[in-house]
Amino acid sequence: MKLLVVFSCLAVLLHTCTSLRICAFNIQSFGDSKLSDEGISKIIVKILSQYDIALVQEVRDSDLSAVSELLERLNSASKHSYAYEICEPLGRENYKEMYLFLYRTKSVSLVDKYQYPNRNNAFSRPPFIVKFSPLDAKEELLILVPLHASPNEAVAEIDALYDVYLKIIDKWGTDNMMFMGDFNADCSYVGKKDWASIRLRTSEFFKWLISDSTDTTVGKSNCAYDRIVVSGSKLRKWVEPQSAKVFDFKSAFKLSQEEALAVSDHFPVEVTLKSR
């Protein structure tokens, strides 16, 4: 009986020692045509299979055929089982995109979701917010707030995330949130003088994990477009120090510039949440 107890405790200990690796990846114009290229699709699957949760942006797949195929290939290539959550097509006029979350079912469970209302037309693609719970620490909640900002409206849209922050506190009663995605937060879209007018940057409630000097682009530009920002004392402590970075798939998979750009013009940005 004592031996059984020891093994049971050991199993619990091992189960609670898992960390969560999360990324935000703008896969340029993701849809059927991109997935139909065998070489490109294999690289995309290799990239996404590294993560417990992956936010994919620029999804242009109204019938979800490419998303369904991606999930099937991801589950075939990985030892982990993945599921997904996706929003309705978002955007002004005829151009629409979707936010896609892919997640390992043995790492987290989806608790809730919320499409932020765009009453004041503050966003080109308003955040589709998801709430996850780690399976090994169900009392913890992880709220992810995605944003693919319109380049010419990046300053206003990043600032408007502060209003999303207040809304989520009111709705779900917590300030532990992770804002992530292609904010277009650098170069000609957000200059040094613009930061003073962005509440998500000036408020001490938020910690920016990807620095202004980071290059998140695949091409010749050197811009920190893609970002991860966290709020809440609990979530800040949960972040593994120095884990926020770019995943350079060009170098990792020894791709040429042409091959890398065929995948996307952005690198994923990632962060690890340490075991509780």
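Rules of the game
- Position labels on residues start from 1 in each chain and follow its written sequence.
- pLDDT decides what is reported in this predicted model: residues at 70 or higher carry local features, side-chain atom pairs at 80 or more are listed and counted, and totals for whole chains, interfaces and linings draw on all residues regardless.
- For the side-chain quantities, the full set of heavy atoms in the structure was used; hydrogens and water were omitted.
- Two aromatic rings, drawn from Phe, Tyr or Trp (for Trp, its six-membered ring), form a pair once their centres lie within 6.5 Å of each other, and the interplanar angle then sorts them: stacked below 30 degrees, edge-to-face above 60, tilted otherwise.
- Any residue under 20% of the maximum accessible area for its type is buried, any over 50% is exposed, and the rest in between are partly exposed; the area is computed with a 1.4 Å probe on protein chains only.
- Cation placement over rings: the criterion is NZ of Lys or CZ of Arg within 6 Å of the ring centroid and within 35° of the ring normal.
- Only a pair of cysteine sulfur atoms within 2.5 Å counts as a disulfide in this structure description.
- Runs of H or I in DSSP of at least four residues are treated as helices and runs of E of at least two as strands, each being numbered from the N terminus.

Draft legend 1. Just the packing of aromatic side chains, in detail. With the rule as written, the count across this model stands at 15 aromatic pairs. Taken together, a centroid distance of 5.9 Å and an interplanar angle of 65° make the contact between Phe247 and Phe253 edge-to-face. When its relative accessible area of 12% is taken as the criterion, Phe247 is described as buried. Linked through ring pairs, Tyr162, Tyr165, Phe179, Phe205 and Phe206 together constitute an aromatic cluster. When the ring centre of Phe253 is taken as reference, the NZ or CZ atom of Lys46 above it lies at 5.3 Å. A cation over an aromatic ring shows up here: Arg201 above the ring of Trp208, its NZ or CZ 4.9 Å from the ring centre.

Draft legend 2. Highlighting the state of the cysteines. All told, the structure shown has one disulfide when counted by the stated rule. The disulfide partner of Cys187 is Cys223, and the gap between their sulfur atoms is 2.0 Å. Its S-S torsion of about -105° marks the bond between Cys187 and Cys223 as left-handed, since a negative value means left-handed. Taken together, the positions of Cys187 in the loop between β8 (177-182) and α6 (199-202) and Cys223 in the loop between β9 (206-208) and β10 (226-231) put the pair 36 residues apart, joining distant regions of the chain. Cys23 takes part in no disulfide bond, and the closest cysteine sulfur to it belongs to Cys87, at a distance of 16 Å. For Cys23, a relative accessible area of 0% puts it in the buried group. You can call Cys87 buried: its relative accessible area is 4%.

Draft legend 3. Fine view of unusual backbone geometry. The backbone of Ser29 sits at a positive phi, close to 50°, despite the residue not being glycine. Considering the arrangement of structural elements, one finds Ser29 in strand β1 (residues 20-30). If you check the backbone angles, Leu64 has positive phi at about 60° while not being a glycine. Judged by its relative accessible area of 22%, Leu64 falls in the partly exposed class.

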